[in-house]
Amino acid sequence: MSNAEHADLVLTGGRIFTADGAGSWARAMAVRSGRIAAVGTDAAAKALVGPSTRVIDLRGRTVTPGFGDSHVHPTHGGLARTRCELHDARGKEAYLEIVAAYAASHPDVAWIQGGGWSLADFPGGLPRREDLDRIVGDRPVYLPNRDGHDAWVNTRALELAGITANTLDPAHGRIARDPDGTPMGTLHEGAMDLVERLVPPTTPEDLRAALLESQRYLHSLGITNWQDASITPIDQGAYLSLAGSGELTARVVGALWWDRERGLEQIDELVEWRANGRLGRYNATSVKLMVDGIIENQTASMLDPYLDGHGHSTTNWGLDFIDPELLRHAVVRIDALGFQPHFHALGDRAVRQALDAVKAARLANGWTDTRPHLAHIQAIHPDDLPRFRRLGALPNAQPLWAVEEDQMSELTLPFLSAETASHQYPFRSLIRHGATLVMGSDWSVSTPDPLLEMEVAVTRVSPESRDHAPFLPDERIALAEALRAFTAGSAHAQHLDEAGTLEPGKLADFVILDRDLFDEAEGPIGDARVLATFVDGEAVYEAPGLD
Ligand SMILES: [Zn+2]
C-alpha cells in the first residue's frame, strides 16, 4: 500500500452511530484527507493504518456525525460570554460574585455590560441597585435579564441617564420604584432604552472576538455546523472577517434578517447581501422571517384566542408580525431566487401561515431545493402535521423547551385551551407524519448543549429536575431519532449534503463522546460530555487524554 492510501486517523473499538438512512452502526472508521475513507469493522479500518496514522482506541465510546444547530445566535451568545455572563449562574450572590470578578479583571472597561440573570432569583423579579453599588460604585453597570425584557442597573448608570424619582415612565416601559418614587435599579422594557442608549456601541472587533469565543464553545459541545438565525450587516462582517483569515472552522449558514417594517423592496438588498456573503465556510443563503412572537407574552399568533387565566376566552389571538399576504408574496419571491426561507413560527396560526407561504412558493416555482424550515413550532394544529412532508418544509425543533417547568405551568398553560395546550412540541407526531425533523438551540435564549437538548427530546423532562413528570409523554422520540435530527437532519437544513452522516466519501465532521450514549446504565444523556470534535478530519476541540 502506498502512503497516499494510508489513513490520517483511525478510530477503532467504538460504537459508531452513522446516522445513515439504514440506521447502520459500525465499530471503526478511517479518515484520509479530510474525508471518511472507511466505516465498518476494526479489521477494515486497521488495514489503512500506516506509519504516520493516528490511532484512537474508542473503548466502546460513541462516535456520531458532528452536531448541527439549525437555529442559534452565536454573536449574541458570544458577546454575553465575553462580557459579564450570568446565564449559567443561579441566585443573587452568584451573580454578584461574577460581576465583582469581571469588574476586577476588566479595570479599563468603561461600562460593565453582560447579563442573563433570572427574574425568579429576586423578590418580585426586582433586583436592586444597592447590591451592584457595593461591588461597582464608580462605573455604570447595565445587565439585561435572560429574556431581555428587564435590566438591572447600578446607581451610577441611573445618574448618567438622569433617572431620578421625578423621571416619568417612558411610553412603552416602566422604572421600578420604591414607595417614595426612588428608582430601585430595575428597568422594564422601554425604560431600558434610557440607559442602553448610553452604552458604548458594539464594535466590529468586539463582535469578531465574540464569534471566536462562540465557535470555541460550540465546538466543545460537538457542534460542527450551524445556522445563524439573525444576520445583520455587522454580524456578516464578523463572519467574513473570520472566514477570510481562515479562523472560521465551523460551517455556517447565515439567515439574513427580513426587516418586517419594510416590504418586498428589500429583496434586492438581500440578493446583494448574499452575493457578498460567501467566503470560506460561511454562506449567507437563508432569509429569516419572524412571523410571530412568543406565547409567554401572548404575541404568538394563535388559531384560538388566548384565555384570561381563569378559563375565559379573550379577544387576543396574538400578533402577525408580517401580514400573511405579504408573507406569501415574499416567500414566493425569495424561494424563486434560491433563498432558503427560515421562519420563526411559534404559534399554531403562525405555523399555518408559514406553511401556506411555502405552498404558494411550490405552486409558483415548482419543487425548488430551498428547504424551507419553521423554527420553534411550539403549537401545531393536527391538520398541519402532514403538510410538512407534503410541502417539503422542515420542522426545526428546540427540544429543550418541551418540559413542564415554570414558564410552561405559569405563563403558558393557563392561557391556552386544553386542546391547544396538548398540541405543543409534537415531535413524535411530526416524525409519524413523515417530516424530516431538524434541531437547534436558540442559544443564547437557552443552552446550546445538544446532549441536554436531546435528553429532553427523549424524556420530555427538564435535566434540571429529572424527577418531574414528563410533558406530553406521547411526543417523546427515540435517542436515535433525536441524534438523526441533530446530525443528518440539521446538515440537510444547512444544505450540507456532504456532511451529517458517517459514510465513505463524506466530510470527516464527527464527535467522540465520553461514553456509550445508548447505554442507559451510563447515566442521563445530558450528562455525557464531548471528548473531541473534528471538522474535515481536523480536531477543532479535544479534551485531554483522548488517546
Ligand atoms: Zn432565535
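Just above sits the structure.
Please read all numbers here as calculations on a predicted model, not as lab measurements. (Residues numbered from 1 in each chain as written. Predicted model: local features only at pLDDT ≥ 70, side-chain atom pairs only at ≥ 80, totals over all residues. Heavy atoms only, no water.)

Draft legend 1. Spatial organisation of the coordination of the zinc ion. Around the zinc ion, the donor atoms from the protein are His71 (NE2), His73 (NE2) and Asp442 (OD), and they sit 2.1 Å away. When the donor residues of the zinc ion are listed from N- to C-terminus, their spacing reads H-x1-H-x368-D. Taken together, the residues span a long stretch of sequence, with His73 in the loop between strand 8 (67-72) and helix 2 (74-82) and Asp442 in the loop between strand 22 (438-439) and helix 16 (450-459) at a distance of 369 residues. Judged by its relative accessible area of 10%, His73 falls in the buried class. (Donors = N, O, S within 2.8 Å, 3.2 Å for Na, K, Ca; no water. Helix = DSSP H or I, 4+ residues; strand = E, 2+ residues; numbered from the N terminus. Buried < 20%, exposed > 50% of the residue type's maximum accessible area, 1.4 Å probe, protein only.)

Draft legend 2. Local environment of helix 10 (residues 324-336). Between its first and last C-alpha, helix 10 extends 18 Å over 13 residues, near the 18 Å set by a 1.5 Å rise per residue. Residues of helix 10 that are buried: Leu327, Ala330, Val331, Val332, Ile334 and Asp335. In this structure, the buried side of helix 10 is in contact with helix 9 (267-275), strand 18 (282-290), strand 19 (340-345) and helix 11 (348-365). Capping the start of helix 10 is the job of one residue whose side-chain oxygen sits 3.1 Å from the backbone nitrogen of Glu325: Asp323. Once helix 10 finishes, Gly338 follows within two positions and takes phi at roughly 85 degrees, a positive value. (Expected span 1.5 Å × (residues − 1). Contact = heavy atoms within 4.5 Å. Polar contact = N/O pair within 3.5 Å; in protein donor to acceptor, adjacent residues only side chain to side chain.)

Draft legend 3. Structural view of the pattern of salt bridges. Evaluation of the coordinates by the stated rule reveals 33 salt bridges. Glu130 is paired through a salt bridge with Arg128; the nearest N and O atoms lie 3.1 Å apart. Among the residues examined, Glu130 registers a relative accessible area of 31% and is labelled partly exposed. Since its relative accessible area comes to 25%, Arg128 is described here as partly exposed. Close ionic contact of Arg371 with Asp369 constitutes a salt bridge, the shortest N to O distance being 3.0 Å. (Salt bridge = Lys/Arg side-chain N within 4 Å of Asp/Glu carboxyl O.)

Draft legend 4. Spotlight on the nonpolar core. Judged by nonpolar contacts, the single largest core of 87 residues is most densely connected at Leu289, Phe343, Leu374, Phe388 and Leu451. The greatest single-element share of this core, amounting to 7 residues, is contributed by helix 11. (Core = buried A, V, L, I, M, F, W, Y, C linked by side-chain atoms within 4.5 Å.)

Draft legend 5. Region of interest: the sheet that holds strand 24 (residues 530-535). Ordered in space as 3-2-7-23-24-25, the 6 strands form an open sheet in which the pairing is mixed. Pairing within the sheet leaves two strands with one partner each, and these edge strands are strand 3 (25-26) and strand 25 (538-542). Bridging between strand 2 (residues 15-17) and strand 3 involves 2 bridges; their strand directions are antiparallel. The partner of Phe17 across the bridge, within strand 3, is Trp25. (Pairing = 2+ DSSP bridges.)

Draft legend 6. Unusual backbone geometry, seen in detail. The residue after Trp443, namely Ser444, is reached through a cis peptide bond having omega 15 degrees. In the Ramachandran plot, Ser33 falls in the positive-phi region, its phi being about 50 degrees despite a non-glycine side chain. As for its placement among the helices and strands, Ser33 is situated in the loop between strand 4 (28-32) and strand 5 (35-40). A positive phi is found at Tyr425, a non-glycine position, where the angle reads about 45 degrees. Taking relative accessible area as the criterion, Tyr425 reaches 3% and is therefore assigned buried.

Draft legend 7. View of the sheet that holds strand 10 (residues 112-115). Reading across from one edge, 9-10-11-12-14-13 is the order of the 6 strands in this open sheet, with mixed pairing throughout. Looking along the sheet, the strands with just one partner apiece sit at the ends: strand 9 (84-85) and strand 13 (173-177).

Draft legend 8. Representation of the environment of Ala482. With respect to the helices, strands and loops of the structure, Ala482 is situated in helix 17 (residues 479-493). Assessed through its relative accessible area of 0%, Ala482 is described here as buried. A sequence separation of 56 residues divides Ala482 from Glu538, and the C-alpha atoms of the two residues are 25 Å apart. In this structure, Ala482 is in contact with Met439, Met454, Ala457, Val458 and Ile477, ignoring residues within four places of it in sequence.

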